[in-house]
Amino acid sequence: MTLLDAVVVGSGPNGLAAAVTLARAGMGVRVLEAQPTVGGGSRTVRVPELADDLLFDLCSAVHPMAWASPFLRAFDLGARGVELVAPEVAYAQPIDGGRAGLAFRDLDRTAERLGPDGDAWRDLLGPLAEQWRQVTALALGDKRTVRGMLAGVSGPAALASMVGPGLRFGSAVLEQGGPRWDRRFLTEEAKALLTGVAAHNITPLPSLGGAGTALLLAALAHADSGWAIPVGGSQVIIDALVRDLEAHGGTVETGRRVASWSDLPPARAVLFDTTPATALAVAGDRIGRARRAALRRFRYGNAAAKVDFVLSGPVPWRVPDVGRAATVHVGGTRAEMVIAEDTVANGLHADRPTVLVSDPSVADPGRVRGGVRPLWAYAHVPAGSPQDVTDEVVRQIERFAPGFRDVVVGSRCIPAAEMERHNENYPGGDISAGAATMWQMIARPTSAPDPYLLAEGVYLCSASTPPGPGVHGMGGWHAARRALRREFDVRSEPSLRP
Ligand SMILES: Cc1cc2nc3c(=O)[nH]c(=O)nc-3n(C[C@H](O)[C@H](O)[C@H](O)COP(=O)(O)OP(=O)(O)OC[C@H]3O[C@@H](n4cnc5c(N)ncnc54)[C@H](O)[C@@H]3O)c2cc1C
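What counts as what
- Residues numbered from 1 in each chain as written.
- Predicted model: local features only at pLDDT ≥ 70, side-chain atom pairs only at ≥ 80, totals over all residues.
- Heavy atoms only, no water.
- Helix = DSSP H or I, 4+ residues; strand = E, 2+ residues; numbered from the N terminus.
- Rg over C-alpha atoms; globule rule 2.2 N^0.38 Å.
- Buried < 20%, exposed > 50% of the residue type's maximum accessible area, 1.4 Å probe, protein only.
- Pairing = 2+ DSSP bridges.
- Axes fitted to C-alpha atoms, helices over the stretch in contact; angles between N-to-C directions.
- Contact = heavy atoms within 4.5 Å.
- Salt bridge = Lys/Arg side-chain N within 4 Å of Asp/Glu carboxyl O.
- Left-handed = near helix turned anticlockwise from the far one by under 90°.
- Nonpolar A, V, L, I, M, F, W, Y, C, P; charged D, E, K, R; others polar.
- Core = buried A, V, L, I, M, F, W, Y, C linked by side-chain atoms within 4.5 Å.
- Near = heavy atom within 4 Å.
- Polar contact = N/O pair within 3.5 Å; in protein donor to acceptor, adjacent residues only side chain to side chain.
- UniProt positions renumbered as here; feature names shortened; annotations may be inferred.

1. Some words on the overall build of the chain
Item 1. Counting its regular elements, the chain contains 19 helices and 17 strands.
Item 2. The C-alpha radius of gyration of the chain comes to 21 Å, within 12% of the 23 Å expected for a compact globule of 498 residues.
Item 3. Counting only C-alpha atoms and orienting by the principal axes, one finds that the chain spans roughly 65 × 55 × 45 Å.
Item 4. Relative to its 498 residues, the chain shows a buried fraction of 64%.

Here you go:
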């Protein structure tokens, strides 16, 4: 049997980013994927029991990092025919009383609309949006090395250019991640608008991890390409990666679940785009005892239960401008979301759960077919919840969009407990592949100096490594660059250009 240079287990965005980086450096690479189709959390599928023609994003739908991630910027999706369209309103947050916070791509419009909180919003997010390259490099860095924290920021003064944005980002995280978070804004609209983004981490609020996510994503909403929706669905990002991999000699095999080392073809390096638990199950006896013990301490987090809807028309939001956003955080006020997230953290279902809604047709009208459109939603629930949350999600949306029920012509729920069936990287429905607390966002999967290297020739490259969840490919890129240097003595960076 021919010895491959590298095998990548898992074809999510991180696995493919690793495979592309290795193939671009001339390595022979094979990707093994358990599922029948490629793409992991970035797949777009047909669901015939719901609608023949519609395309549904199985997991990710909204892609602020598809243009901002240093890996995907270097890969240049645009030049590969991937169209990223940013709606005029990146995200919205309706609250009771016919009110809503709206994050326009245009910072000034956002500030104007937030009235008495306009200046406070601008002061917090304006500088971060202006210096989004540095902020993104920090947030999506490897959390260990200068090289890994400078990705995408070049020039002789690169390091110096990080200091100001780094301090600004850090102090904003401390403010919005702690007891002082309520001091900045006066209105419920502004408070709720930022909290909806912080809630992405599915942890109690306020939290440093939630604040880090909120400030990165909120800054990107006002920078360059905003919160982009890929025309045709998230799968187009994956397809571009696979095309490049194959053009450079790599291969992908689907329906190839790796359960033990003997399932792997002989290779000089193996990169796991999986959970640490899977890497342990497959390669545990190659990993040192201390690292094994540390990997076993990795904690998985609370969960999401997904609901896909088919609608006969747009969501009838009470505040019509909410309908200009492709992403709507449906959780009510800051105080309501705090209660909802605390309830989930205590292992219970919230009466009024935090719900994320994405309406891709707002940015990509081609998603409307035969008079119907897909609507993507998920609710935060405790880990392993078997509950069908369709009623709760409908009730929450209906609060802010009376008449929503009347436009629903079909739906299906994927309870958190069933999430693993289509992607085993989300144990119990943990869509972050590991609790997104501040500690675990940094010490992911362990606090080792190299978070990717597990053993000689064995790497972890999934969202369970820095920088964590999201479709950015950075975990894969960081791991592959290390493998190239360590296993293959390749010192120069392979170009990722088309
Ligand atoms: C409901 C939901 C909504 C989301 N929304 C967004 C969003 O809007 N924007 C965003 O940026 N991110 C979003 N995310 C998160 C994002 O999808 C993930 O963070 C991202 O896909 C992680 O990429 P990855 O390559 O690390 O892993 P994954 O994309 O999870 O891919 C891992 C792959 O490995 C395969 N695999 C696992 N174990 C094995 C094995 N033993 N053998 C072979 N193959 C294996 C899996 O089948 C899978 O294909 C969402 C996730 C979910 C679930």
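There's plenty left to go through after this.
2. Quick look at unusual backbone geometry
Item 1. The amide bond that connects arginine 444 to the next residue, proline 445, takes the cis arrangement and shows omega of -5°.
Item 2. The topology assignment puts proline 445 in the loop between α18 (438-442) and β16 (453-455).
Item 3. Between proline 466 and the following residue, proline 467, the backbone shows a cis peptide bond with an omega angle of 10°.
Item 4. Tracing the chain through its elements places proline 467 in the loop between β17 (458-460) and α19 (474-488).
Item 5. The residue aspartate 76 is not glycine, and still its phi comes out positive at about 65°.

3. Here's the deal with the sheet that holds strand β6 (residues 89-95)
Item 1. Pairing is mixed across the open sheet formed by seven strands, whose spatial order is β7-β6-β12-β13-β14-β11-β15. Each end of this open sheet is capped by a strand with a single partner; those strands are β7 (99-104) and β15 (408-414). Each adjacent strand pair in this sheet contributes to an overall mean axis angle of 20°, direction not counted.
Item 2. The pairing of strand β12 (residues 325-330) with strand β13 (residues 355-358) spans four bridges and is classified as antiparallel. Note that in β13 the partner of valine 328 across the bridge is valine 357.
Item 3. Relative to β6, helix α9 (residues 188-198) is tilted by about 120°, and along the sheet it contacts β6, β7 and β12.

4. Here's the deal with the pattern of salt bridges
Item 1. Taken as a whole, this structure holds 32 salt bridges when the rule is applied.
Item 2. Measuring nitrogen to oxygen at the nearest pair gives 2.9 Å for the salt bridge that ties aspartate 96 to arginine 399. With aspartate 96 in the loop between β6 and β7 and arginine 399 in helix α15 (residues 390-400), this pair connects stretches of sequence that are 303 residues apart.
Item 3. The class of aspartate 96 is partly exposed, set by a relative accessible area of 35%.
Item 4. Here the salt bridges share partners, and the residues they tie into one network are Glu88, Arg109, Arg113, Asp321 and Arg324.

5. Points about the packing of helix α5 (residues 118-130) against helix α8 (residues 158-176)
Item 1. Remark: α5 packs on α8, axes separated minimally by 10 Å, with the N-to-C direction vectors making an angle of 145°. Crossing of α5 over α8 shows left-handed handedness. Where α5 abuts α8, its residues Leu124, Pro127 and Leu128 lie against Arg168, Phe169, Ala172, Glu175 and Gln176.
Item 2. In the contact of α5 with α8, the residues fall into five nonpolar, one polar and two charged.

6. Here's the deal with helix α6 (residues 132-139)
In an α-helix there are 3.6 residues to a turn, and that puts residues three or four apart on one side.
Item 1. For α6, a buried count of six out of eight residues is recorded, marking the element as mostly surrounded by other parts of the structure.
Item 2. Taken together, the buried positions of α6 are Trp132, Gln134, Val135, Thr136, Ala137 and Ala139.
Item 3. If you follow the buried residues of α6, they end up packed against α2 (65-68), α3 (70-75), α5, α7 (146-149), α8 and α10 (208-221).

7. Focus: the nonpolar core
Item 1. Counting 86 residues, the largest nonpolar core has Leu22, Tyr91, Trp121 and Leu271 as its most contacted members.
Item 2. It is α10 that provides the largest number of residues to this core, a total of nine residues.
Item 3. Look past the residues within four positions of leucine 271 in its chain and what remains in contact with it is Ala6, Val7, Val8, Val9, Ala18, Leu22, Tyr459, Cys461, Ala479 and Ala480.
Item 4. Counting 33 residues, the second largest nonpolar core, distinct from the first, contains Ala92, Val328, Val381 and Cys413.

8. Details of the site of the ligand
Item 1. Within the structure, the ligand sits among 35 residues, and Asn14, Glu33, Gly41, Val62 and Gly470 are positioned closest to it.
Item 2. In the model, an oxygen atom of the ligand is placed 2.9 Å from a nitrogen or oxygen of the tyrosine 426 side chain.
Item 3. A distance of 2.8 Å separates an oxygen atom of the ligand from a polar backbone atom of alanine 463.
Item 4. Elements represented by at least two residues in the shell around the ligand include exactly α1 (13-24) and β14 (373-381).

9. A look at the UniProt feature "domain: Amine oxidase" (unreviewed entry) in the chain
Item 1. Following the UniProt record, one finds the feature "domain: Amine oxidase" (unreviewed entry) at residues 15-260.
Item 2. Between the first and last C-alpha atoms of residues 15-260 the distance is 18 Å; the span itself is 44% helix and 14% strand.

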